[in-house]
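For reference, the chains in residue letters:
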Amino acid sequence: MYRVVLASRKTVEWIGLLLVAFLFVFPFLWMASTAFKTMPEVLQFPPTLLPETWEWSNFAQAWESGPFLMYTWNSILVAVGILLLQFLTAVPAAYAFARYKFPGRNLLFGLVLIVLMIPGQVIFLPIYVQLSGWGLVNTLWSLILPYAASAFGIFLLRQAFMQVPDEVIEAARLDNASEWKIMWTIMVPMAKPVLVTFGLFSFIYHWNDYFWPLIMTNSDEVRTLPIGISSLHMSDGGTLWNVMMAGNMILILPILVIFFVAQRHIIKAFIYQSK
Amino acid sequence: MRKAATVQELPGVSQSKKEVSSQAFAWSDLASRLRPYLYLAPALICFALFFFYPIGSIIYLSFQDWSLINLEQMEWVGLQNYQDLMVDGDFHQVLGNTAVFTIATVGIGLTLSFLLALWLNKKAKVYGIIQATVFSPHIISLVSVSMLWMWLMDPQFGLLNAGLEAVGLPAYTWLTDPKSSLLSLIIVSIWKGVGYNTLIFIAGLQSIPGDIYEAAALDQSPWWRTLRRITIPMLSPTIFFLLIINTISSFQAFDTIAIMTQGGPINSTNMLVYYIYEQGMDFYNGGIASAASVILLILVGILTAVHFLVMSKRVHYR
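Residues numbered from 1 in each chain as written. Chains lettered and ligands numbered in written order. Predicted model: local features only at pLDDT ≥ 70, side-chain atom pairs only at ≥ 80, totals over all residues. Heavy atoms only, no water.

A description of the layout of surface pockets should follow, citing residues and the corresponding values.
By volume, the second largest pocket amounts to about 680 Å³. Forming the boundary of the second largest pocket are 22 residues, of which A:Arg264, A:Ile267, B:Gly128, B:Gln131 and B:Leu199 lie nearest the centre. Counting only elements with at least two residues in the lining of the second largest pocket, the list comes to α15 (263-271) of chain A together with α6 (125-135) and α9 (181-206) of chain B. In terms of residue count, α6(B) provides more of the lining of the second largest pocket than any other element does, six residues in total. A per-class count over the lining of the second largest pocket returns 11 nonpolar, five polar and six charged. (1 Å grid on protein atoms, 1.4 Å probe; cavity = no way out; pocket = protein on both sides within 12 Å on 5 of 7 lines; lining within 4 Å. Points joined across faces, edges and corners; volume = space filled by probe spheres on them. Helix = DSSP H or I, 4+ residues; strand = E, 2+ residues; numbered from the N terminus. Nonpolar A, V, L, I, M, F, W, Y, C, P; charged D, E, K, R; others polar.)

For the packing of helix α5 (residues 105-117) of chain A against helix α8 (residues 151-162) of chain A, give the residues involved together with the corresponding values.
Residue and element names in this part refer to chain A. Packing of α5 against α8 brings their axes to within 8 Å, and their N-to-C directions diverge by 125°. As far as their axial angle goes, α8 and α5 are oblique. Considering only the axes of α5 and α8, their crossing is left-handed. Contacts between α5 and α8 involve Phe109, Val112, Leu113, Val115 and Leu116 on the former and, on the latter, Ala151, Phe152, Ile154, Phe155 and Arg158. Its residues assigned to classes, the contact of α5 with α8 shows nine nonpolar, no polar and one charged. (Axes fitted to C-alpha atoms, helices over the stretch in contact; angles between N-to-C directions. Parallel < 35°, antiparallel > 145°, perpendicular 65-115°, else oblique. Left-handed = near helix turned anticlockwise from the far one by under 90°. Contact = heavy atoms within 4.5 Å.)

Describe the UniProt feature "transmembrane region" (unreviewed entry) in chain A, listing the residues and the values that go with them.
Residues and elements named next belong to chain A. The UniProt feature table records "transmembrane region" (unreviewed entry) at residues 12-32, 73-95, 107-128, 140-161, 182-207 and 240-262. For residues 73-95, helix accounts for 100% and strand for 0%, while the C-alpha atoms at its two ends are 33 Å apart. The span residues 182-207 is 96% helical and 0% strand by assignment, and the distance between its end C-alpha atoms comes to 32 Å. (UniProt positions renumbered as here; feature names shortened; annotations may be inferred.)

Describe the packing of aromatic side chains, with residues and values.
Aromatic ring pairs are defined here through the distance separating the ring centres and the angle between the ring planes. Applying the stated criterion to the full structure yields 45 aromatic pairs over all chains. Ring geometry for B:Trp149 and B:Trp191: centres 5.4 Å apart, planes at 65°, overall edge-to-face. Of this pair, B:Trp149 sits in helix α7 (residues 142-152) while B:Trp191 sits in helix α9, and the two are 42 residues apart along the sequence. Exposure remark for B:Trp149: the relative accessible area of 7% places this residue in the buried category. Put simply, the rings of A:Phe124, A:Tyr147, A:Tyr210, A:Phe211, A:Trp212, B:Phe254, B:Tyr274 and B:Tyr277 touch in pairs and so form one group of aromatic residues. Sitting over the ring of A:Phe109, A:Arg158 keeps its end group 4.1 Å from the ring centre. (Phe/Tyr/Trp six-rings, centres within 6.5 Å; stacked < 30°, edge-to-face > 60°. Buried < 20%, exposed > 50% of the residue type's maximum accessible area, 1.4 Å probe, protein only. Lys NZ or Arg CZ within 6 Å of the ring centre and 35° of its normal.)

Please set out the domain arrangement of chain A residue by residue, giving values where relevant.
All names here are of chain A. Assigned domains of chain A: these are domain 1 (1-54) and domain 2 (65-272). With nine residues of domain 1 in contact, the opposing surface of domain 2 contributes nine residues. Taken together, the two surfaces of domain 1 and domain 2 that pack against each other cover about 730 Å², and 84% of this comes from carbon and sulfur. The interface formed by domain 1 and domain 2 holds zero salt bridges in total. Elements represented by at least two residues in the side of domain 1 that touches domain 2 include exactly α1 (2-35) and α2 (39-42). (Domains from an automatic or database assignment. Buried area = accessible area lost by both parts, 1.4 Å probe. Salt bridge = Lys/Arg side-chain N within 4 Å of Asp/Glu carboxyl O.)

Here is the structure:
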């Protein structure tokens, strides 16, 4: 009797788990399935689970509906450019906060925490006005510069640098290594896991970003993938759901691949925000 | 602060120079005092330019009548923009929508996440896989998530209605009916966010020391009492953190609105950030948009301040 109860409880648990997985994975599978269907099949009732004929041309159609090569290139430039600049500004700042005592340290770190907590959406208008005064609106700079420093990056790296044992640094100082050299050749390699974590976080965030490019750009030369993809559903003559879903697969796929490869790092990167 | 002390002693490296020239020592001493500020400068300059200055600027701009078309033409109007917002029915609705959206997504989202976390917080590999699955929408662009759900919610050919019809329920006009449009956005938002909250809850659960539960088990405390007396109180910092973070991010809702509804039908899904965007970028009411931004800034600022105060208190009592 006991064994039967135990077995049925286990079955219920498994059904529950499958149901949860279904709820979160199925929409993406449905997107993939739609991306390969022909338009008549998309509108068919009842809907088919898998495409009857695999329509690969949807992807070509999505790709050719705008200058997608340019969008992709811009997306890469912006996401990587931001990442590099954040890295260059965050390492010295985090090093200063972690390893020096100086007047105003707590105050300045408090300012960083405020930046961490207040979202940029609150102040996009004055930034737009400012960038337009510098003639930078509708350039890639307007997408990169406002994110050149990351409060989150400073916060994360500071914690990593604080954990490096003093002996390591003292040994380097005895060898007459300059502070600058200690920072880049000793601290940075020792903080590598945190750097990877932060890099993934930053890249994913800016690869996905829709708001900022929408505000700051108005021509194809400087637009990024999310903007290009979002314009797919404004085609006349009914929504081409299959092409739309194919376009979105192009946007999602790199992130999904990264997620499968570096799942643990990525989850950690997003969870770190809470610490 | 031992590390700091060694840094202060750093000029010791140049102590031999000191004997040669006291002038040189003073210079290197000054350099090492300035060093942390130099290291901070690039980041702080960025924050000054793209965060603190804009915050001052938005307050200033909210007292002006201006538009993006001609920035030369600014006219001081005092509190006029705020007064206009006070009497604007649309803005009242925007505030109402934002409040309903926030309370619903945060309330329902956190409850679901908490239950999921209690359930999925187990060692076996399956649970790890399910955790990753639930988390996966969090890293997908809101553009794709919005378009995907538009497709699922399509009134004629969408899968949701096909499902409802299959079990004999009436179809919904999810996004095009003002009665259900906000609810539809709430569903999408919860679906996207629940995984993040679940993982934070699990991290919180795992930081509760196991011996407390062992003691409770020895006392034969029923599970609900353990939950109410141990788990929830021990998780309260996590719960509080998630409340603040989720509320702030609900205030920022934009992508889903811009892609799925454009604030409609009849203003039923318009929320603060979208309203600011519309007023500033589409209707060229810079002053109104700025005043609404300041209101949003105040709301977020209050939440942030409460967060800091409560969290610092917690650290204090530890």
